[in-house]
Amino acid sequence: MQDKEEDSTNPIHRWLKQASQYNDIANVGEIARRYFAMNAFDGILTIIGVLMGNMSAGINNPNVVITTGLSTCIAMGISGLWGSYLTESAERKHDLEELGRSTLTDLKNSRIGRASRYAAVVVSVVDGISPFLAAMMVLVPFFMHDMFPNIQMVYYTALGVALVTLFGLGLFLGNISKENLILSGIKTVVAGLASIFVASLLNASPH
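Now for a look at the structure at hand. Each chain carries its own residue numbering, running from 1 in the direction its sequence is written. With the structure being a predicted model, the display of local features is reserved for residues of pLDDT at least 70 and the display and counting of side-chain atom pairs for 80 or more, all residues being used for whole-chain, interface and lining totals. Neither water nor hydrogens contribute to the side-chain values; these are computed over all heavy atoms in the structure.

Further remarks concern the side chain of Ser184. Position of Ser184 relative to the elements: it lies in helix α7 (residues 181-204). With a 1.4 Å probe rolled over the protein chains alone, any residue whose accessible area is under 20% of its type maximum counts as buried; one over 50% counts as exposed, and the rest are partly exposed. Overall, Ser184 belongs to the buried group, its relative accessible area being 6%. Contacts were defined at the residue level, with two residues in contact if any of their heavy atoms lie within 4.5 Å. What Ser184 contacts, discounting residues up to four positions off in sequence, is Gly170, Leu173, Gly174 and Glu179. Helix numbering and strand numbering both begin at the N terminus, where a helix is a DSSP run of H or I of at least 4 residues and a strand a DSSP run of E of at least 2.

Put simply, a nonpolar core is a bunch of buried Ala, Val, Leu, Ile, Met, Phe, Trp, Tyr and Cys residues held in one set by side-chain atoms that sit within 4.5 Å of each other. If you look at the biggest cluster of nonpolar residues, it comprises 31 residues, and the most contacted ones within it are Ile48, Leu51 and Phe142. Contributing elements (two or more residues each) for this core: α3 (28-56), α4 (62-103), α5 (111-143), α6 (151-177) and α7.

Okay, the packing of α5 against α6 next. Note on definitions: angles span 0 to 180 degrees between N-to-C directions of axes, and those axes are lines fitted to C-alpha atoms, for helices only across the stretch in contact. Where α5 contacts α6, the two axes come as close as 8 Å, and the packing angle between them is 155°. Comparing their axes, α6 and α5 come out roughly antiparallel. The two elements α5 and α6 cross, and the hand of that crossing is right-handed. Counting all contacts with α5, which are made through Met137, Val138, Pro141 and Phe142, the residues of α6 involved are Ile151, Val154, Tyr155, Thr157, Ala158, Val161, Ala162 and Thr165. If an angle is under 35 degrees, it is roughly parallel; if it is over 145, roughly antiparallel; if it lies from 65 to 115, roughly perpendicular; otherwise it is oblique. Each helix crossing is assigned a hand: it is left-handed if the near helix lies turned anticlockwise from the far helix by less than a right angle, otherwise right-handed if that turn is clockwise.

Our next topic: the environment of Gly80. For Gly80, the position within the fold is in helix α4. In this structure, the C-alpha to C-alpha distance between Gly80 and Gly128, residues 48 residues apart in sequence, is 4.3 Å. Excluding its chain neighbours within four sequence positions, the residues that come into contact with Gly80 are Ser124, Asp127 and Gly128.

This is the structure we're talking about:
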């Protein structure tokens with residue numbers, strides 16, 4: 001009995017319980033998972049393009065690569081956060097108003113309305129963080145460039161990290177869809193290899 005009373009007055013417990021209820025109402029988990037996978041995928045492919053461009057331009061200073069990479073990561077994160085929030089907020093507000101008209105009820109301050117606003121915030125945060133973190137993982141070798149014999153090895157290692165991360169993302173997607181995990185991982189790796197191949201062709205073409 002005492003534990004139940006403590007739980008009811010514990011703000012963290014109340015917040016977690018409320019978040020769980022909002023997740024159930026607004027289906028936040030499934031949507032956030034989809035955004036996470038999609039935008040992490042975009043982040044990795046984008047940073048592959050950045051690396052290929054720097055490598056073909058003969059950029060041998062790891063600090064330059066880190067700066068351009070971080071700028072790209074930050075831009076992707078802000079774009080994902082703001083774009084997703086504006087889109088999700090508008091869509092969910094529209095759906096809430098439609099539901100309110102059909103039920104002749106003002107749902108703005110209802111549990112459904114609060115769950116809708118909660119979902120927009122959570123999804124936008126996931127949308128902003130996932131490409132940023134995924135791209136940052138690929139840049140890790142450049143922060144440890146002193147451990148490599150030359151800058152070329154740093155580039156190759158970073159690209160290798162990108163492909164491994166893509167494979168892991170494929171496993172994650174395969175687990176969600178109940179597909180063959182290895183096949184799902186290979187699909188995402190092929191996208192990374194295609195990006196490297198196309199970037200190589202573009203960089204090798206005469207200007």
